[in-house]
Amino acid sequence: MKHEFILEGLHCANCAAKIETKLDKTYDEVLFSFATLELEIHSDKEDIRDEVQAIVDSIEDGVTVVPKSEHEHHEHHDHHHECHDGCCGHDHEHDHDHHHHDHEQEHHHESGESKVKLILLIIAAVFFVAAFILHILGKFDLICNILSICSAILAGYDVVIEGVKSVLKRRIDETTLMTVAVIAAMVLGEFVEGAAVMVLFGIGELLEDKSVEKSRPDTAYLYENGKSREIRAEDVKIGTILEIPPHTRIPLDGVITEGSTTLDTSSLTGESAPMGASVGTELLSGMMNNDSAVYMRTTKAYADSAATRIVKMVEESSKNKGNHEKLITRFAAVYTPVMIGLAVLIAVIPSLITGDWAGWIHKALVCLVASCPCSIVISVPLSYYAGIGAASKAGVLIKGGRYVEALANTKAFAFDKTGTITDNQISIKEISVSDGYTADAVIALAAAAEAHSAHPIANAFRDYCEAQHISIEELKEHREISGHGVEAKRGEDTITVCKSTASHGISVQLNGKEIGFITLSEHIRPEAPDALNSLKQLGVANITMLSGDKEAACKRVAEGLPIDSIHSALLPGDKVKTVHLHTPRDI
């Protein structure tokens, strides 16, 4: 039997890993996604909510286990509930406003807590630097020690609290280790070293928080009373008018009510050629607005929009990966109790024999400090987060250290073609002509017909003519054929430039008769060949390319690249299915 829950109030990735580990020891199968806080448990028992809540409480306070059905019903009610009885409309509106106010209040509360932690960490770092300078100079020892203590408290008060809670719950983990080691260091007079451990650990926690923030929902620009203001996309109601500025991502599904533009749909369909859009055109979240600002009316809530559904599929895929605990948690679970026990023995047994309690307690504290793996406690999280941060700068989002470990052992990769292997730029590959026409004449007519267009294909025509020194004549009565192409007049003749339904290219027609065919090609990203070859050198056995384009276009891109297999003409959902179909044998 499958049970699905939402862990409301869980913000600590490390605590999430501990909860998942403990649940995994209790139930047959446990799948958890920290990105969505969704927990899936397979168990023969009918009702396990109270059991799960008890396990969660033993790890982290303030987390509520809510059945997913209740959570979804609550959200659905907020977005879609309509009153069909006029006498009660005011009450429902009041309830919705009250919930929205609570939701915003919770969001601002979390944001405020993050800012407070950041400010405290900055102050702690300043105190630590000042204490370190005084320590190096060998002056003002009292001030140095006070600054060190203040720095450690500001940077690590939450670590100490968690360490004490762990002891009270009869559990010894890395927070206990950190707390004991820092206190022991200061008892021995090593105040600066103790502060350094807390400050560096705090920096590691901050980097983790920043990496999680990158997966937060999109923003939208609400348009009302002639002005736009930024709000969270998940707070937008159905029927709301939004402004979509140029070069921004569309946050929700809807319909254009004003303006015209071109859209980059490659993130959804893999199609590299931009799509024209005007009043009445349906927009899907995840598309990119290219040229000019448009206004749209939302037709779906954020949770039901196209991009959210795709993200949901990706998150479901991530939940089905193997579960890995952090190295430091596994290490501390065994090492920490052993070393604390050894320190206790050093303090007690010799003291009972010699009577020198002060001397042997001092030696026990030295043992704790010397044996404490503080460097691992600091270096392991920092190395994970440094890797995650470096990847994010390159446009790759890795949601946690467990997936860094998984990548290290990966033997197969699947890449989307458009925007990943290619760079979305279009160029002219070949011009085929009918009898009586030259390639220069055909491309010149195509560029002339597209003279008023900012479409990348039109830019490719003009760039080609400029590079080849081909003159472009001026045509009249330019007209865009929505979703098809453009037309223009040359005297009494009609020049039509449109997409070919038969292959990947552009048909140039004179009075309805094709006089030439222009084959387009995509630019392979300069770094793509080296990146793919490097993966092969690292032992990756299978590299697959996924695309929404036709097979012929995919094969042209794959020529000369170390790509082992191609899957073409795929919708976003088909891409996820293809990856699942080849797991774990190939991809």
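Cut-off values and rules
Residues numbered from 1 in each chain as written. Predicted model: local features only at pLDDT ≥ 70, side-chain atom pairs only at ≥ 80, totals over all residues. Heavy atoms only, no water. Pairing = 2+ DSSP bridges. Helix = DSSP H or I, 4+ residues; strand = E, 2+ residues; numbered from the N terminus. Phe/Tyr/Trp six-rings, centres within 6.5 Å; stacked < 30°, edge-to-face > 60°. Buried < 20%, exposed > 50% of the residue type's maximum accessible area, 1.4 Å probe, protein only. Axes fitted to C-alpha atoms, helices over the stretch in contact; angles between N-to-C directions. Contact = heavy atoms within 4.5 Å. Arc of directions from axis to C-beta. Patch = residues over 30% accessible without salt bridge, like charges linked within 9 Å, V, L, I, M, F, W, Y side chains within 5 Å. Areas by Shrake-Rupley, 256 points an atom, 1.4 Å probe, with all protein chains shown as cover. Salt bridge = Lys/Arg side-chain N within 4 Å of Asp/Glu carboxyl O. Expected span 1.5 Å × (residues − 1).

### Quick look at the sheet that holds strand β8 (residues 254-258)
As summarised here, the arrangement of the six strands in space is β6-β5-β7-β13-β8-β11, forming an open sheet in which the pairing is antiparallel. Every interior strand has two partners, whereas the edge strands, β6 (227-232) and β11 (282-283), have only one.

### Describing the packing of aromatic side chains
Throughout the structure, instances matching the rule amount to three aromatic pairs. Ring geometry for Phe 128 against Phe 132: centres 6.1 Å apart, planes inclined by 35 degrees, an arrangement best described as tilted. With Phe 128 and Phe 132 both in helix α4 (residues 89-137), this residue pair falls four residues apart, about one helical turn. Residue Phe 128 is classed as buried on the basis of its relative accessible area, which comes to 19%. Phe 132 sits in the partly exposed class, given a relative accessible area of 40%.

### Structural notes on the sheet that holds strand β14 (residues 412-416)
Pairing within the open sheet is parallel, and its three strands lie in the order β14-β21-β22. The outermost strands of the open sheet, each flanked by one partner alone, are β14 and β22 (565-567). Each adjacent strand pair in this sheet contributes to an overall mean axis angle of 20 degrees, direction not counted. Relative to strand β21 (residues 542-546), β14 runs parallel, the two sharing five bridges. Opposite Ala 414, over in β21, you have Thr 544 as the bridge partner. In the packing of helix α19 (residues 572-581) onto the sheet, contacts are made with β14, β21 and β22, and the angle to β21 comes to roughly 160 degrees.

### Details of helix α2 (residues 49-59)
Three or four residues apart is the spacing at which side chains of an α-helix point the same way, because the helix has 3.6 residues per turn. Buried within α2 we find Val 52, Gln 53, Ile 55, Val 56 and Ile 59. Angularly, the buried residues of α2 cover 165 degrees about the axis, an arc narrow enough to put them on a single face.

### Here we look at a nonpolar patch on the surface
The grouping of Leu 342, Val 344, Leu 345, Val 348, Ile 349, Leu 352, Ile 353, Trp 357 and Ile 361 at the surface amounts to a nonpolar patch, some 840 Å² of accessible area in total. A total of seven residues in the nonpolar patch trace back to one element, the largest contributor, which is helix α10 (residues 327-354).

### Let's talk about helix α16 (residues 456-467)
An ideal rise of 1.5 Å per residue puts 16 Å on 12 residues; α16 measures up with 16 Å between its terminal C-alpha atoms. Turning to α16, its buried residues are Ile 457, Ala 458, Ala 460, Phe 461 and Cys 465. The buried residues of α16 occupy an angular sector of 160 degrees when projected down its axis, which confines them to one face. Away from its buried face, by an angle of more than 90 degrees, α16 presents the exposed residues Glu 466 and Ala 467.

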